[in-house]
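Next come the chains, spelled out residue by residue.
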Amino acid sequence: MRPIAFLRPLRLCGAAVLAVAALLAGCAAPGGASTSASPQAVAPVKVKVFVAAMFEIGQNTGDRAGEFQHWYERYWKGAAPVPVRGALGPVYCNADGVCGAVLGMGKVNSSSSMQAILLDPRFDFSQAYYVISGVAGTPPSRGTIGMVSWATWLVDYDLGHRWAPEENKAGEPTFMPRKGYENYRRFRLDPQLVAWAMKLSAGVPLADADSARRYRQRYPDAAARRAPFVGTGTHMTGDTFFHGPGLSKEAQYIARLYGADDYVITEMEAAAIALVINRTHGTGRVMSLRGAVNFDQGHPRESTLAHLDPAPGETAGGFAETVENIERVGSRVVDHIVANWPQWQAGVPALR
C-alpha cells in the first residue's frame, strides 16, 4: 500500500545525511569505540524521539516488513548504522533527532539493549521521548486484529507467586504479588502524554485485510469483530507467552489488583524497557505503542492448543497491515513532537 499524502516520509538531502554522519564520526568502530582522535570535539547526538522495535524479519527495507522496517523507511533510509556495544542492533539517527533501533525480543534482550544505548556517550537522551513499538496480542473482549493501542499502564505479568489451578479452590486466582517488587511491576505512563498521542493519532486511517475480516467473525465478542481502531489501556509484559481464557482472565485480574486500567495488550518487553529508562531519565516521556496481530485465546469452538499451533489457513492474517498501522499511528506523534520541539523540549505541554 502506498503511503498517503499526510504520512509522507521526511526526506534527508545529501547534506543532511552527511551532517548526521559527521556528528557520529568514529561511531562505527567495532565494540562501539570511537575512532576520532579528539572525541570531545564531536558533540553527542541530541535525541528528540527514540523509536524502539523488538525484531525485524529480514532486511530493514525491500522485503517483508517486521516491526522496524516501516519506521526505517520513513526516518532512516540512507542513514549510517551506529553499532553500540552491548546492544542487539545498531542505532540509526536522522538530522531531525529521530533515532531508533531493534532491541530484541523478551525482557532481558530488549532491556539490556536499551541500557547499552542509553549509556552510550555518543547519544544525549536528556530530553528524549520514547516510542516502544511492536506487535502484540489482545483479548477478544477488548480488541481486534489490526488495532493499535497506546499504553496507559505497563504491568509485569511475571513478578509474583503462581501455583497450579488444581491446588486451589475452583475459580479462585492462582496468582499472588510478591513483596519487594512494588517499584518494578507497574508503571503508569503520563496521562497527558497518552492524551496527546490519542489526540494526534485517533483519526489516522488504518489498513485492514480480508483474511483478518473473515477471521474476526469466528469470535462472538463485539470488540473482536470491530474494524481496526486506535485505543488505550494496560499493556501486560510477560516473558511467558500466556494463552487461553484462563490466563487471559488472570492477566485482567493482575491489572485490576495493581490498580491499572483494563488489560488490552499482551507483549513481552515494555515494562522491562520502561524500568531501564526510569533508572536513567524517568518514565515521564515514555510511550508504548502496540498493534494486535493475534487474540490471546481461541474462539469458542477452538482449543487453546489448536489456537497456539494452528493448522494451515487457520491463522488470523493481517500482520502486514498491522505493522503498517503501528508506524502510521506512531509517526503522527513523532512528527508532531519534532515539528514543535520548542514546545516539547522542556516537557509534555498542556493539551490544547
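Residue indices follow the written sequence of each chain, beginning from 1 at its first position. Side-chain atom pairs in this predicted model are given and counted only at pLDDT of 80 or more, local residue features only at pLDDT of at least 70, and totals for whole chains, interfaces and linings cover all residues. Calculation of side-chain values draws on the structure's entire complement of heavy atoms; hydrogens and water are dropped beforehand.

Topic: the overall build of the chain
A run of H or I in DSSP becomes a helix once it reaches four residues, and a run of E becomes a strand once it reaches two; helices and strands are each numbered from the N terminus. Across its full length, the chain holds 10 helices and 13 strands. The contact criterion used is simple: two residues touch if any of their non-hydrogen atoms lie within 4.5 Å. Of the contacts formed within the chain by residues at least 6 apart in sequence, a portion of 79% connects residues at least 24 apart.

What about the nonpolar core?
Here, the term nonpolar core denotes a set of buried Ala, Val, Leu, Ile, Met, Phe, Trp, Tyr and Cys residues that are joined through side-chain atoms within 4.5 Å. Only protein chains enter the accessibility calculation, which uses a 1.4 Å probe; a residue is then buried when its area is under 20% of its type maximum, exposed when over 50%, and partly exposed in between. Core analysis: the largest hydrophobic core is formed by 74 residues, its most contacted members being Phe50, Trp76, Met114 and Ile117. It is helix H9 (residues 319-339) that provides the largest number of residues to this core, a total of eight residues. Ignoring sequence-local partners within four residues, the contact set of Ile117 consists of Phe50, Val84, Ala87, Val91, Ala101, Leu103, Phe123 and Phe125. Listed in part, the 12 residues of the second largest apolar core include Val155, Phe175, Phe242 and Tyr258.

Description of the packing of aromatic side chains
Any two rings among Phe, Tyr and Trp, with Trp reduced to its six-membered ring, count as a pair given centres within 6.5 Å; such a pair is stacked if its planes are under 30 degrees apart, edge-to-face if over 60, and tilted if neither. The final tally for this structure, using the stated rule, is 18 aromatic pairs. Judged by centre distance (5.2 Å) and plane angle (65 degrees), the ring pair of Trp196 and Trp344 falls under edge-to-face. Taken together, the residues Trp196 in helix H4 (residues 191-201) and Trp344 in helix H10 (residues 341-344) connect sequence positions 148 residues apart. Each member of the pair, Trp196 as well as Trp344, is classed as buried. Their ring planes at 10 degrees and their centres at 6.3 Å tell us that Tyr215 and Phe295 sit as a pair that is stacked. One end of the pair, Tyr215, is in helix H5 (residues 210-216); the other, Phe295, is in strand S13 (residues 286-295), and 80 residues separate them in sequence. For Phe295, a relative accessible area of 0% puts it in the buried group. These aromatic residues form a ring-pair network of at least three members: Phe68, Trp71, Tyr72, Tyr75, Trp76 and Tyr92. Charge-over-ring placement is defined geometrically: NZ (Lys) or CZ (Arg) within 6 Å of the ring centre, and within 35 degrees of the ring normal. In this structure, Arg162 packs its charged tip against the face of Tyr157, placed 3.9 Å from the ring centre. The ring of Phe229 carries the charged tip of Arg226 above its face, separated from the ring centre by 3.8 Å.

Some remarks on the pattern of salt bridges
One side chain can pair with another of opposite charge once the charged atoms of both are near each other. In the sections that follow, a salt bridge refers to a side-chain nitrogen of Lys or Arg positioned within 4 Å of a carboxyl oxygen of Asp or Glu. Scanning all chains against the criterion turns up 16 salt bridges. Among the salt bridges present, the one from Asp156 reaches Lys107, with a minimum N-O distance of 2.8 Å. With a gap of 49 residues between them, Asp156 in strand S7 (residues 148-156) and Lys107 in helix H3 (residues 107-118) connect regions that are remote in the sequence. Here Asp156 matches Lys107 in class, with each residue buried. Among the ionic pairs, Arg213 bridges to Asp210, the shortest N-O distance being 2.4 Å. With Arg213 and Asp210 both in helix H5 and three residues apart, this pair spans about one turn of that helix. Classification of Arg213 as partly exposed rests on a relative accessible area of 38%.

Focus: the side chain of Thr174
Counting through the fold element by element, Thr174 comes out in the loop between strand S8 (160-162) and strand S9 (175-177). A distance of 3.0 Å separates polar atoms of two side chains, one belonging to Thr174 and the other to Glu250. In the analysis that follows, any N or O atom pair within 3.5 Å is treated as a polar contact, provided that within protein one partner can donate a hydrogen and the other can accept it, and provided that, for residues neighboring in sequence, both atoms belong to side chains.

Observations concerning the pairing of strand S12 (residues 263-267)
Within S12, five of the five residues are buried, which leaves the element mostly enclosed by the surrounding structure. Strands are treated as partners if at least two bridges between them are detected by DSSP. Note that strand S11 (residues 230-237) and S12 share four bridges and pair parallel. From the neighbouring strand, His235 faces S12, where its bridge partner is Ile265. We call a crossover right-handed when, viewed with the strands running away from us, the connection from the first strand over the helix to the second turns clockwise. Crossover connection from S11 via helix H6 (residues 245-257) to parallel S12: handedness right-handed.

Quick look at the confidence of the model for the chain
Chain-level pLDDT for the chain is 90 on average; 88% of the residues reach the 70-or-more range. Known as pLDDT, the predictor's per-residue confidence is scaled from 0 to 100. Considering only residues more than four positions removed or in separate chains, one finds that residues 25-39, a stretch of pLDDT under 50, has 18 contacts.

What to know about a nonpolar patch on the surface
Only residues above 30% relative accessible area that lack a salt bridge enter a patch, with like-charged residues linked at up to 9 Å and the nonpolar side chains Val, Leu, Ile, Met, Phe, Trp and Tyr linked at up to 5 Å. Here, Shrake-Rupley sampling with a 1.4 Å probe gives the accessible areas, and only protein chains in the shown set may cover a residue. On the surface, Phe241, Leu305 and Leu308 cluster together to form a nonpolar patch covering roughly 330 Å² of accessible area. Take Leu305: it is sitting in helix H8 (residues 304-308).

Quick look at the state of the cysteines
Put simply, a disulfide is two cysteine sulfurs that come within 2.5 Å. All chains considered together, the criterion is met by one disulfide. There is a disulfide in this structure between Cys93 and Cys99, and the S-S distance comes to 2.1 Å. Handedness here is read from the sign of the S-S torsion; for Cys93 and Cys99, about 110 degrees, the answer is right-handed. Among the residues examined, Cys93 registers a relative accessible area of 1% and is labelled buried. Given the relative accessible area of 0%, Cys99 is considered buried.

Details of the packing of H3 against helix H7 (residues 270-280)
Inter-axis angles, ranging from 0 to 180 degrees, are taken between N-to-C directions of lines fitted to C-alpha atoms, where helices are fitted over the stretch in contact. The N-to-C vectors of H3 and H7 enclose an angle of 25 degrees; their axes lie 8 Å apart at closest approach. Overall, the two elements H3 and H7 adopt an arrangement that is roughly parallel. You can see that H3 and H7 cross each other, and the crossing is right-handed. Counting all contacts with H3, which are made through Lys107, Ser110, Ser111, Met114, Gln115 and Leu118, the residues of H7 involved are Ala272, Ile273, Val276, Ile277 and Thr280. All residues other than Ala, Val, Leu, Ile, Met, Phe, Trp, Tyr, Cys, Pro, Asp, Glu, Lys and Arg, Gly among them, are scored as polar; the first ten of these are nonpolar and the last four charged. Classifying every residue of the contact of H3 with H7 by side-chain character gives six nonpolar, four polar and one charged. An angle below 35 degrees is read as roughly parallel, one above 145 as roughly antiparallel, one from 65 to 115 as roughly perpendicular, and any other as oblique. If you view the pair so one helix is near and one far, a crossing is left-handed when the near helix is turned anticlockwise from the far one by less than a right angle, and right-handed when it is turned clockwise.

Re the packing of H4 against H9
Where H4 meets H9, the axes come as close as 9 Å, and the angle between the chain directions of the two elements is 110 degrees. Taken together, H4 and H9 sit at an angle that is classed as roughly perpendicular. Of the two elements, H4 crosses H9, and the hand of that crossing is right-handed. Contacts between H4 and H9 involve Trp196, Ala197, Leu200 and Ser201 from the former and Val329, Arg332, Val333 and His336 from the latter.

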